[in-house]
Amino acid sequence: MNEFLTNMAGVIAAATPVVVAVIGETFSERSGVINLSANGLIVLAAMTGFAAAYLTGIVWVGLLAGFLTGAIAGLLISFSSISLKQSQVAVGFILSLLFRDLAYFLGTPFMVIPGPTVSGWAIPLLKDIPILGPLLFDQNVLVYFSYILIIASYYWIFHTRQGLVLRGVGEQPISAYSRGIDVNRQRYIYTALGSGLIGLAGPMYSLSIKAGWNGTMTGLDGIGWIVLSITIFGGWNPLRGSFGGYLFVFLQWLGLALQSYWTNVPSQVLQVAPFPLMILTLLFVNIGDTEWVTRMLATLPRGVRGAFYKLFRFLRKPPPASLGVPFERE
Amino acid sequence: MHIQLKNIHKYFGSVHANNDVSLTIEPGQILGLLGENGAGKSTLMKILSGLICKDSGEILINGEEQDLKSPADALRLGIGMLHQDPHDFPSMTIREDLQIWDQRSGRANHSAVDWQALMKIQEDLGFNLDLDGSVGELTVGERQQLELARLLWLGVELLILDEPTTGISASQQEILFSALKKLAGQGKTIIFVSHKLEEVKELCSRAVVLRKGCLIGEREAPFDENDLVKLMFGRQITRTRTAHAGTRDVCLSVQKLNIEDFRIAIENVNFDLYAGEVIGLAGMEGSGQRQFLQALAGMKQPSSGHILFGDEDLFGKNCYDYQKRGIFYVPSARMEEGLVPGMTLEEHYILSDCEKRVFIDSKKSHKVTEDRIQRFNIKGRAVTFSEELSGGNQQRLLLSLLQDPAKVLLLENPTRGLDIESTNWIWSILRERCQAATSIIFSSADLDELTFYADRILVFFSGRISEPLDSAGLDEERLGRMIGGKD
Ligand SMILES: Nc1ncnc2c1ncn2[C@@H]1O[C@H](COP(=O)(O)OP(=O)(O)OP(=O)(O)O)[C@@H](O)[C@H]1O
Ligand SMILES: [Mg+2]
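Thresholds, definitions, all that
Residues numbered from 1 in each chain as written. Chains lettered and ligands numbered in written order. Predicted model: local features only at pLDDT ≥ 70, side-chain atom pairs only at ≥ 80, totals over all residues. Heavy atoms only, no water. UniProt positions renumbered as here; feature names shortened; annotations may be inferred. Donors = N, O, S within 2.8 Å, 3.2 Å for Na, K, Ca; no water. Helix = DSSP H or I, 4+ residues; strand = E, 2+ residues; numbered from the N terminus. Buried < 20%, exposed > 50% of the residue type's maximum accessible area, 1.4 Å probe, protein only. Core = buried A, V, L, I, M, F, W, Y, C linked by side-chain atoms within 4.5 Å. Contact = heavy atoms within 4.5 Å. Domains from an automatic or database assignment. Buried area = accessible area lost by both parts, 1.4 Å probe. Salt bridge = Lys/Arg side-chain N within 4 Å of Asp/Glu carboxyl O. Polar contact = N/O pair within 3.5 Å; in protein donor to acceptor, adjacent residues only side chain to side chain. Near = heavy atom within 4 Å. Areas by Shrake-Rupley, 256 points an atom, 1.4 Å probe, with all protein chains shown as cover. Axes fitted to C-alpha atoms, helices over the stretch in contact; angles between N-to-C directions. Left-handed = near helix turned anticlockwise from the far one by under 90°. Nonpolar A, V, L, I, M, F, W, Y, C, P; charged D, E, K, R; others polar. Pairing = 2+ DSSP bridges.

The name that an unreviewed UniProt entry assigns to chain B is Nucleoside ABC transporter ATP-binding protein, with the source organism given as Pelolinea submarina.

Named according to an unreviewed UniProt entry, chain A is Nucleoside ABC transporter membrane protein originating from Pelolinea submarina. Within the UniProt record for chain A, the comment given under Subcellular location (unreviewed entry) is "Cell membrane".

A. A look at the coordination of the magnesium ion (ligand 2). Residues and elements named next belong to chain B. Protein-derived coordination of the magnesium ion (ligand 2) comes from S42 (OG) and Q84 (OE1), at a distance range of 2.0 to 2.2 Å. Linking S42 in helix α1 (residues 41-48) with Q84 in the loop between β6 (79-82) and α3 (94-99), this pair joins segments that are 42 residues apart in sequence. Considered together, S42 and Q84 belong to a single accessibility category, that of buried residues.

B. Structural detail: the nonpolar core. Residues and elements named next belong to chain A. Counting 66 residues, the largest nonpolar core has V18, I42, W213 and I230 as the members making the most contacts within it. Elements with a minimum of two residues in this core: α1 (2-30), α2 (38-56), α3 (59-83), α4 (88-106), α6 (141-159), α9 (183-209), α10 (223-233) and α11 (238-259). Setting aside its immediate chain neighbours within four residues, W213 contacts V43, A46, M47, F50, A103, Y104, G107, F110, M111, V112 and T218.

C. Broad picture of the domain arrangement of chain B. All names here are of chain B. Splitting chain B by domain gives domain 1 (3-233), domain 2 (250-326 + 404-484) and domain 3 (344-402). For domain 1 and domain 3, the distance between their C-alpha centroids amounts to 31 Å. Buried area between domain 1 and domain 3, both sides added, is near 420 Å², and the carbon and sulfur share of it is 39%. It is N37, G38 and Q84 in domain 1 that bury the most area against domain 3; as a group they hold 71% of the surface buried on that side. One can count zero salt bridges joining domain 1 with domain 3. Inspection of the region where domain 1 meets domain 3 yields zero residue pairs in polar contact (both at pLDDT 80 or more).

D. How the structure looks around the site of ligand 1. Residue and element names in this part refer to chain B. By nearness alone, 19 residues border ligand 1, and G38, K41, S42, T43 and G392 come closest of all. Here an oxygen atom of ligand 1 and a backbone polar atom of A39 are 3.2 Å apart. Measuring from an oxygen atom of ligand 1, one finds a backbone N or O atom of K41 at 2.8 Å. In isolation ligand 1 has 640 Å² of accessible area, and contact with the protein removes 90% of it. When residues of the shell around ligand 1 are traced back to their parent elements, those giving at least two are β2 (15-25), α1 and α14 (391-400).

E. Focus on the packing of α3 of chain A against α9 of chain A. Residues and elements named next belong to chain A. For the pair α3 and α9, interaxial distance at closest approach is 6 Å and the crossing angle is 145°. Handedness of the α3/α9 crossing: right-handed. In terms of residue class, the contact of α3 with α9 is made up of 16 nonpolar, eleven polar and one charged.

F. Structural context of the sheet that holds β2 of chain B. Residue and element names in this part refer to chain B. The sheet built from four strands is open, its strands ordered β2-β1-β4-β5 with antiparallel pairing. Whereas interior strands pair on both sides, the edge strands pair on one side only; in this sheet they are β2 and β5 (64-65). Sheet topology note: the strand β1 (residues 3-12)/strand β4 (residues 56-61) ladder contains five bridges and is antiparallel. By the bridge assignment for β4, I3 is matched with I61.

G. Representation of the pairing of strand β8 (residues 189-193) of chain B within the structure. Residue and element names in this part refer to chain B. Across the five residues that make up β8, a large majority, five, are buried. The alternating pattern of β8 places T189, I191 and V193 and I190 and F192 on opposite faces, both of which are buried. Two strands pair when backbone bridges link them, and strand β3 (residues 30-35) and β8 are joined in this way by four bridges, in the parallel orientation. Considered in β8, the bridge of G32 is made with F192.

What follows is the structure in structure tokens.
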């Protein structure tokens, strides 16, 4: 039991950068901008963050550097897609490759050297709560920050006026515009902020979970793509997105844990299992949209049908209607 | 608010949408802005509300020149506009929708969200919007109501209404008009864009007419209708009614049909549609007409019942099966459901052409496009994007896309936003089809249109459907009462 708790606490810690990056992506996609560069950006920010922390000896500087790397990348994406009206997909994709290679290239001087790391800090009192204490409150500050971020971003998007404006801008920019909202300004702000959070995920790895900078061996390549898909899975909602992040890392852990029991299953199978599982979940989430399901439901008695409709409506979250579409006033 | 427009010009590419328009509007006045489809009315109003920028000219508000760069600037001055296609947020609840506006441009006394004031406005206008309902589930008319209530709630000084009465019943219109008169009495300025002369006659103290981008005339109340028509179209227009082609051959028979969704339940519908007949659906927007039309088109699954087409029961089939049999549905939200923004007219025709071939026969599609543009008198070219057309011309495009061998046409508000000439003309086309045994079911908020063009009328009231009424000799008063659920 205790061991399981420790493992789960590890899962939560390991999922933290994923969760933070998913929330970042959620912010920018809610405003209508897809940040496809997440993958390369996380790698690059891991490198810059580590380098900054190593050079100054202060981890906070490293974290800040990661955030700034992301924010600058965000401004770049906004500029090209909003001001220059370039395709967000093409630009994001290329930036993703570019950032990654840039990280490997510029990171050479910082290869395999020990650097500062974020140290753990158990929260007094809270850490003594049975089960929850060791699970949630015996972590480091970054993890606590992610808790706050999850709740704050959810509250911001769904329970504040500013959040409504953000969603409006991503849904119907023309309507938002004719109500006096500066659509492009909103998009700039949220893309920079969101991209900053994605950037922050980088040093969360290199200064904590996978401490150090090991170039191509750092093993961060690929996480950004997962972040993008979890954002969709999460229906552009920080709570669901975070759940997706934790679920994904849990499945990864499960794959590793089961390896010792199911020795006859090739280890590769268990390692890639989380990916098809994520796809299956996505499928289930959107199944209510398909025609055959609608037809099948029509044959059910009223009460049952109603329950299914409710379930599907709850699960299904359509993307922001203007995602990826540049806004042009008429 | 005193408004003066001086020599406004606006080009869209080679289209001169506003040509040297000068106009003064006094405070407390209700000004009617008339003009045929594509005359440039919406363009002029969008310029005044900051949504688009003029190419040249001056706008003076209360004597001061203002440079309206964005709607935010206009809102700050107290200019609000109800757009022809509502500018709202279909994915949100009404309550959420209402909270989206830029606070810096909102009026000071409304920085807090005052739901009571909103409910009061709703009540005064006789609207019945459920704040927790979703905007996307409203009909176009209800969405216009929502926008109108919202603008009044924000307390604008100049209220621009771009065809606000398309989805409102006669009684609601009365309430709306008296509300507008009251607002004008309080010194607010109102610009009322419309095609409907009766409305302008009833409401406005002054009317100006645009034609092909130019302001060509101005009249004070009392207006002479014929005179206004002549100004608008350059000639007299009379309604022509073709003989009914209705036969007694049953084309579609609906039996014990039940339709339900989370919004409305329609129970036990029974009627026969005869070949070549026109049935009109009367009723307030959102009383179930849309669900009914969609169910008959296979776009919405009815929960039980029979839809007999010939010997075949179409219940449970999908909309492609219906289309294969020549049953077509034309929605009223043209930009969202009917047309594809970002595609040209020609591409629309190619898309709607069912021919199964890989390559586009460009010679043929050019020909079809030119032919349809001419035949349907669309003010646009083959390479024009659908969203660049004026509202009325979008409607023409939508109707021109209908496949030819049609057995049943299900039209939701087919002439919404069309001027008299176009309405006449569309109906002459539709009537021509009836001669060829096509049957039509259409919904409309316009009682005149219903009694004039329909052979029989079904009245909807919150999901209940009346017996079919013969439109010949039907008295409009009674129809109005039935629509209000009082008969
Ligand atoms: N964004 C645009 N791009 C290109 N052309 C446009 C655009 N908006 C309008 N036009 C053109 O300008 C002309 C005037 O359009 P406008 O929408 O002002 O007409 P309208 O008087 O409001 O007509 P309706 O009664 O049909 O709504 C039309 O020929 C239209 O095709
Ligand atoms: Mg218009």
